[in-house]
Amino acid sequence: TTEIYTLSLHDALPILVDTCALINKPDIIHKFKDGKALLVIPMMVLEELDKHKENRQNSELQYSARQVIKALDLYNNEKWLDKNESADMRLLPQEYQNKTGDNKILSTALKFLLKKPTIISDDVNFRNKAESLKLKTISSDEFCSMKSLQ
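Turning our attention to helix α4 (residues 101-110). Of all the 10 residues making up α4, 8 are buried; the element is thus mostly covered by neighbouring parts of the structure. All of the buried residues in α4 are G101, N103, I105, L106, S107, T108, A109 and L110. In this structure, the buried residues of α4 make contact with β1 (13-17), α2 (43-52), β4 (118-120) and α5 (124-132).

Here's what the structure looks like:
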């Protein structure tokens, strides 16, 4: 049987943010500093940010990736920030077993399934895939326009 993990250090609502949302809105991280939610940055997202910060063809992408990395570093020791979550592909259905970045992020979100995680993403088809797994999704624009996290 597949084990569902609950790995957060506290009982706050887990919110995972994908690379696309972070690149589009690097300041989104600052919305979590009140500690009302657990911000989960999957290891796959960290890997993608690392790739983007070196992108010589797109200086805007490179700049945004560096802004996100600096913001993550700023809050490095906060309990509401979790950057230690890796993929567990066993949690995905057979159709999503190919090890793409999106599928690794989805499998990370499924580790928090019992806590009803929300995924912030600006990638429409990624949100479709997440919703097919019964995961709640929201765009970065929708998230930033919310009055509270609850």
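Right, let's get into the pairing of β1. Buried residues dominate β1, accounting for 4 of its 5 residues. Across 4 bridges, β1 lies against strand β2 (residues 37-40) in parallel orientation. Bridging across to β2, P14 finds its partner in L38. Traced from β1 through helix α1 (residues 19-24) to β2, the parallel crossover comes out right-handed.

Further remarks concern helix α3 (residues 59-74). Two residues of an α-helix separated by three or four positions point the same way, owing to the 3.6 residues in each turn. When the terminal C-alpha atoms of α3 are compared, their 22 Å separation across 16 residues agrees well with the 22 Å that a helix rising 1.5 Å per residue should span. Looking at α3, one finds that the buried residues are L61, Q62, S64, A65, V68, A71 and L72. Residues of α3 that are buried make contact with α1, α2 and β3 (81-82). For α3, the capping residue at the N-terminal end is N58, with a side-chain oxygen 3.2 Å from the backbone nitrogen of E60.

Here K116, not a glycine, exhibits a phi torsion of approximately 55°, which is positive. Within the secondary structure, K116 is located in the loop between α4 and β4. For K116, a relative accessible area of 63% translates into the label exposed. A positive phi is found at K134, a non-glycine position, where the angle reads about 65°. One can find K134 in the loop between α5 and β5 (136-138).

Moving on to the packing of α2 against α4. The geometry of α2 relative to α4 is characterised by a closest axis approach of 8 Å and an angle of 145° between their N-to-C directions. Taken together, the residues of α4 that come into contact with α2 (itself represented by M44, V45 and E48) are G101, K104 and I105. Among the residues making up the contact of α2 with α4, the classes are represented as 3 nonpolar, 1 polar and 2 charged.

Let's shift gears to the pairing of β2. Residues of β2 alternate between two faces, with A37 and L39 on one and L38 and V40 on the opposite face, all of them buried. Pairing analysis gives 2 bridges linking β2 to β3, with the strands arranged parallel. Following the sheet pairing, L39 is matched in β3 by L81.

Criteria and cut-off values
Residues numbered from 1 in each chain as written. Predicted model: local features only at pLDDT ≥ 70, side-chain atom pairs only at ≥ 80, totals over all residues. Heavy atoms only, no water. Buried < 20%, exposed > 50% of the residue type's maximum accessible area, 1.4 Å probe, protein only. Helix = DSSP H or I, 4+ residues; strand = E, 2+ residues; numbered from the N terminus. Contact = heavy atoms within 4.5 Å. Pairing = 2+ DSSP bridges. Right-handed = clockwise from strand over helix to strand, strands pointing away. Expected span 1.5 Å × (residues − 1). Polar contact = N/O pair within 3.5 Å; in protein donor to acceptor, adjacent residues only side chain to side chain. Axes fitted to C-alpha atoms, helices over the stretch in contact; angles between N-to-C directions. Nonpolar A, V, L, I, M, F, W, Y, C, P; charged D, E, K, R; others polar.

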